[in-house]
Amino acid sequence: MARILLALLVLSGSVVGAQPELKGGLDKFILANKVYPLYSLQNCIEGAVTVSFKLNNQGEVYFSKVQKGVGTDLDEEALRLIRLTSGKWNVPQGHDTSVFVVVPVNFKLDDIGCGNKSKVEIKAAIEAYQGRTALTNAVLNFYRNKPSGKFTKAEEASIVALKTSLGYDDEYLDKRLEDGRKKLKQKDKQGACEDFLFVKYMGSDKADELLATHCN
């Protein structure tokens, strides 16, 4: 069975007094909404992901990032869970909205047949995931910089072939847009706009209207 344990909430810096609290409890919320990411589950990858985020006076998460991660889809899941809490925080009067709230989320696997998985194999799986991320970033950077016109036909053909090999086809991009729309409903504007920008920088205009409407 896969478990996610949530460590105690702390605030960065020298902050004293009342701290923000999630309605119903942050640990219960995490356990109720967690989904152990498939890649890490299949490859027996565990670890702690530290997410830092900022809250406005309405208890909404308006900025968030992975401060220290594992380097796999565990990072994305921890970030998703924290963003999902947006609007559910009780923020004390006088709270400094520029201060980061820091939450370490521990991912732990039990009883799924990981006993025979060596540390070397797990490390290789993490490196493979990071390698794919680097290739994805190469595609994104190409389309981000394409308007400058500083590329050759051969370079563009190479990027198109790489994008195809990574599986970023229209079906995938449509799914990414669907995920972004769901995040908007969850009040995760930052996460939604990241999805829409991903689609844009995969060389597609599918997200242009959504970006203009929600991400200016």
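Predicted model only: the values in this text are computed from it and were never measured.

(A) Up close: unusual backbone geometry. Of note in this structure, Cys44 is not a glycine but carries a positive phi near 60°. For Cys44, the location among the structural elements is in the loop between α2 (38–42) and β4 (47–55).

(B) Focus on the domain arrangement of the protein chain. Partitioning the protein chain into structural domains gives domain 1 (21–107) and domain 2 (119–215). In this assembly, 16 residues from domain 1 lie in contact with 12 residues from domain 2. Across the domain 1/domain 2 interface, buried area totals approximately 1200 Å², and carbon plus sulfur atoms make up 51% of it. Counting the contacts that link domain 1 with domain 2 gives two salt bridges. Those elements that provide at least two residues to the side of domain 1 that touches domain 2 are β5 (61–68) and α3 (73–84). Ranked by the residues each element gives to the side of domain 1 that touches domain 2, the list is headed by α3, at four residues. Here the side of domain 1 that touches domain 2 is composed, by residue class, of seven nonpolar, five polar and four charged.

(C) Layout of the state of the cysteines. Overall, the coordinates contain two disulfides when judged by the stated rule. Disulfide partner of Cys44: Cys114, at an S-S distance of 2.0 Å. Judged by the sign of its S-S torsion, about -90°, the cystine formed by Cys44 and Cys114 is left-handed. Taken together, the positions of Cys44 in the loop between α2 and β4 and Cys114 in the loop between β7 (101–109) and α4 (119–145) put the pair 70 residues apart, joining distant regions of the chain. A sulfur-sulfur separation of 2.0 Å characterises the disulfide bridge that pairs Cys193 with Cys215. An S-S torsion of about -95° defines the bridge between Cys193 and Cys215 as left-handed. With Cys193 in helix α7 (residues 189–200) and Cys215 in the segment after α8 (208–214), this residue pair connects regions lying 22 residues apart in the sequence. A relative accessible area of 10% places Cys193 in the buried class. Its relative accessible area of 24% is what places Cys215 among the partly exposed residues. Here the disulfide map of the protein chain reads 1-2, 3-4, the bonded cysteines being numbered as they appear in the sequence.

(D) Representation of the pattern of salt bridges in the model. A complete count under the given rule lists 10 salt bridges for this structure. The partner of Lys146 in a salt bridge is Glu156, and the shortest N-O contact between them spans 2.7 Å. Of the two residues, Lys146 sits in the loop between α4 and α5 (153–166) while Glu156 sits in helix α5, which places them 10 residues apart along the sequence. Judged by relative accessible area, which is 18%, Glu156 ranks as buried. As a salt-bridge pair, Lys175 and Asp179 come within 2.8 Å of each other at their nearest N and O atoms.

(E) The arrangement of the environment of Leu211 in detail. Mapped onto the fold, Leu211 is located in helix α8. Between the alpha carbons of Leu211 and Gly167 there is a distance of 23 Å; along the sequence they are 44 residues apart. Excluding anything up to four places from it in sequence, Leu211 contacts Cys193, Phe196, Leu197, Lys200 and Asn216.

(F) Inspection of the packing of helix α6 (residues 170–185) against α7 at higher detail. Running from N to C, α6 and α7 point in directions that differ by 160°, and their axes come no closer than 8 Å. Compared by their axis directions, α6 and α7 come out roughly antiparallel. Crossing geometry of α6 relative to α7 is assigned as left-handed. Along the contact surface, α6 presents Tyr172, Leu173, Arg176, Leu177, Asp179, Gly180, Arg181, Lys183 and Leu184, while α7 presents Lys189, Gly191, Ala192, Asp195, Phe196, Phe198 and Val199. Taken together, the residues that form the contact of α6 with α7 break down as eight nonpolar, two polar and six charged.

About the thresholds
Residues numbered from 1 in each chain as written. Predicted model: local features only at pLDDT ≥ 70, side-chain atom pairs only at ≥ 80, totals over all residues. Heavy atoms only, no water. Helix = DSSP H or I, 4+ residues; strand = E, 2+ residues; numbered from the N terminus. Domains from an automatic or database assignment. Contact = heavy atoms within 4.5 Å. Buried area = accessible area lost by both parts, 1.4 Å probe. Salt bridge = Lys/Arg side-chain N within 4 Å of Asp/Glu carboxyl O. Nonpolar A, V, L, I, M, F, W, Y, C, P; charged D, E, K, R; others polar. Disulfide = S-S within 2.5 Å. Buried < 20%, exposed > 50% of the residue type's maximum accessible area, 1.4 Å probe, protein only. Axes fitted to C-alpha atoms, helices over the stretch in contact; angles between N-to-C directions. Parallel < 35°, antiparallel > 145°, perpendicular 65-115°, else oblique. Left-handed = near helix turned anticlockwise from the far one by under 90°.

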